[in-house]
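For reference, the chains in residue letters:
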Amino acid sequence: MNILIIGGAGYIGSHQVKMMLDYHNNVIVLDNLNTGYQEMVDHKAKFIKGDIRDYDLVCSILKNENIDVVMHFAALSLVGVSMSQPSEYYDNNVVGMLNLLNCMKDCNVNKIVFSSTAAVYGEQTKMPIDEDALTNPTNPYGETKLAMEKMIKWFDEAYGIKYVTLRYFNVAGASFDSTLGELHNPETHLIPIILQVALNQREYLGVFGDDYDTNDGTCIRDYIHVEDLCMAHKLAVDYLFETNKSNYFNLGYGHGFSVMEMIEAARKVTSHAIPLKIEARRAGDPALLIASNDKAKKVLHWNPQYDDIELIINSAYQFYLKR
Ligand code: UDP
């Protein structure tokens, strides 16, 4: 199968590239390298530097490489930054998706696996969150992803582009050979920042709020290992070819950890004291996000393997130690 992985030089995309190659697919990567790293792209994939908003380039790849399915990872994804720079988020994410779907329509490529997010749900009272919950984003990042989801749905209705949308909860960890992992500059994600403290690259972790309505007052998230997440994408591709139907799924483990619990787990893994300071809440952060994953298990036959928070943190720690 010929697969176009857009954003394949990024954290999750690079893991997906490797997995799809391991399953004997022909993989083409398109990435503008704004946040990705070419060195993270497996050399067995064909790498093309370019932007998802470039109509001529995307069409030429779809046609020349005879693409069967697109996997779309190329989005800006930081909640905090999206609050101060919504314009960039709408341009990269929503305009990018519109261009991609137009290219797929015009070039007769009719299958896509799309990376969405738990941020489309916003604050919910019922936990865990299932796929039927009303979407209600609390930040521009979630709004752009929801707009992208809706766009694909209408392109399916009108032009028969079949999709699987995967709503990620908090993706974490690194490949077990420690070659692929999470590198952002500047770093804003919890686990990499905790590990920067453990590696003495930062003095302390700033905890964003301890007055949330949770057990210890800090935010709770459902952290999922990147390899389990990528396996769900592989199953989503299988699903599209087996059923030719569109669908959408949550990806998480169905339980969560507070920021304080994450710090405690990292202390065990790294044997470092991990000093912290309580800081103000970060704008746009919901208190609690936990996935119901029943649908992905039932329909995609997804069977996650790495639901162990210390294993997840340790895989990331080994990646940073190696670098
Ligand atoms: N967080 C924190 N300090 C940091 C980074 C993150 O307290 O330096 C918190 C953040 O408020 C959220 C959780 O850790 O409750 C996970 O944040 P992250 O940015 O990793 O992922 P998000 O949930 O925003 O996708």
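Further up the page is the structure itself.
Predicted, not measured: the structure shown is a model, and the values here were computed from it.

Bringing the overall build of the chain into the picture now. Of regular secondary structure, the chain possesses 10 helices and 14 strands. Its C-alpha atoms give the chain a radius of gyration of 19 Å, within 12% of the compact-globule value 20 Å for 323 residues. Taken along the three principal axes of its C-alpha coordinates, the chain extends 55 × 40 × 40 Å. Counted over contacts in the chain with a minimum sequence separation of 6, partners at least 24 positions apart contribute 77%. By element, 47% of the accessible surface of the chain is carried by carbon and sulfur atoms, the whole surface being about 13800 Å². When the 28 positive and 41 negative side-chain charges of the chain are each reduced to one mean point, those points stand 4 Å apart.

Within the secondary structure layout, Q124 lies in the loop between β5 (111-117) and α5 (140-159). Looking at Q124, its side chain comes within polar contact range of the main-chain oxygen of Y121, at 2.8 Å. From its side chain, Q124 meets the backbone oxygen of L134 in a polar contact 2.7 Å long. Contact partners of Q124, with chain neighbours within four places excluded, come to I129, A133 and L134.

This next bit is on the nonpolar core. In a soluble, globular protein the nonpolar side chains are often hidden away together inside. Grouped together as the largest cluster of nonpolar side chains are 70 residues, with contacts concentrated most on I12, L166, I191, L205, L251 and I313. Not counting chain neighbours up to four residues away, the residues in contact with L166 comprise V113, F114, S115, S116, T117, A232, H233, A236, F249, L251 and L300. Of all hydrophobic cores here, the second largest spans 30 residues; its members include I28, I48, C59 and L101.

Quick look at the sheet that holds strand β12 (residues 257-258) now. The strand order across the open sheet formed by three strands is β12-β9-β14, and the pairing between neighbours is mixed. Pairing within the sheet leaves two strands with one partner each, and these edge strands are β12 and β14 (288-289). As paired elements, strand β9 (residues 220-221) and β12 share two bridges and run antiparallel to each other. Paired with R221 across the strands is F257, a residue of β12.

Now for the sheet that holds strand β1 (residues 2-6). Sheet architecture is open: seven strands sit in the order β3-β2-β1-β4-β5-β6-β11, paired in parallel fashion. Looking at the sheet topology across the chains shown, the edges are occupied by β3 (46-49) and β11 (247-251). The mean angle between the axes of side-by-side strands here comes to 20°, regardless of whether they run parallel or antiparallel. Alignment of β5 against strand β6 (residues 162-168), held across seven bridges, turns out to be parallel. Across the sheet, residue I112 finds its bridge partner in β6, namely Y163. Its contacts with the sheet place helix α2 (residues 55-64) against β1, β2 (26-31), β3 and β4 (69-72), and it is angled at close to 180° to β2. Helix-sheet contacts for helix α7 (residues 226-243) involve β4, β5, β6 and β11, and the interaxial angle to β6 is about 160°.

Moving on to the pairing of β4. Side chains V69 and M71 project from β4 onto one buried face, and the interleaved V70 and H72 project onto a second face that is buried too. Sheet topology note: the β4/β5 ladder contains three bridges and is parallel. Residue pairing in the sheet places M71 in a bridge with V113 of β5.

As a further point, take the site of the ligand. Near the ligand there are 15 residues, and of these L190, G206, R221, R282 and D285 occur at the shortest range. A distance of 2.9 Å is found between an oxygen atom of the ligand and a backbone nitrogen or oxygen belonging to F208. At 2.9 Å from an oxygen atom of the ligand is found a side-chain nitrogen or oxygen belonging to R221. Considered on its own, the ligand offers 520 Å² of accessible surface; in the complex 90% of this is hidden by protein. Among the elements of the structure, α6 (190-198) and β8 (205-208) are those that each provide at least two residues to the shell around the ligand. Here the shell around the ligand gets four residues from one element, more than from any other, and that element is β8. Here the shell around the ligand is built from residues that sort into eight nonpolar, four polar and three charged.

Attention now goes to the packing of aromatic side chains. Summed over all chains, the structure comprises six aromatic pairs. When the centroid spacing of 6.5 Å and the interplanar angle of 85° are considered together, the rings of Y89 and Y141 count as edge-to-face. Of this pair, Y89 sits in helix α4 (residues 86-106) while Y141 sits in helix α5, and the two are 52 residues apart along the sequence. For the pair Y89 and Y141, a shared accessibility class is recorded, and that class is buried.

The next point concerns the side chain of S82. Position of S82 relative to the elements: it lies in helix α3 (residues 79-84). Engagement of the side chain of S82 in a polar contact is seen with the backbone oxygen of V79, the distance being 2.7 Å.

What counts and how
- Residues numbered from 1 in each chain as written.
- Predicted model: local features only at pLDDT ≥ 70, side-chain atom pairs only at ≥ 80, totals over all residues.
- Heavy atoms only, no water.
- Helix = DSSP H or I, 4+ residues; strand = E, 2+ residues; numbered from the N terminus.
- Rg over C-alpha atoms; globule rule 2.2 N^0.38 Å.
- Contact = heavy atoms within 4.5 Å.
- Areas by Shrake-Rupley, 256 points an atom, 1.4 Å probe, with all protein chains shown as cover.
- Lys, Arg positive; Asp, Glu negative; His and termini not counted.
- Charge placed at Lys NZ, Arg CZ, Asp CG, Glu CD.
- Polar contact = N/O pair within 3.5 Å; in protein donor to acceptor, adjacent residues only side chain to side chain.
- Core = buried A, V, L, I, M, F, W, Y, C linked by side-chain atoms within 4.5 Å.
- Buried < 20%, exposed > 50% of the residue type's maximum accessible area, 1.4 Å probe, protein only.
- Pairing = 2+ DSSP bridges.
- Axes fitted to C-alpha atoms, helices over the stretch in contact; angles between N-to-C directions.
- Near = heavy atom within 4 Å.
- Nonpolar A, V, L, I, M, F, W, Y, C, P; charged D, E, K, R; others polar.
- Phe/Tyr/Trp six-rings, centres within 6.5 Å; stacked < 30°, edge-to-face > 60°.

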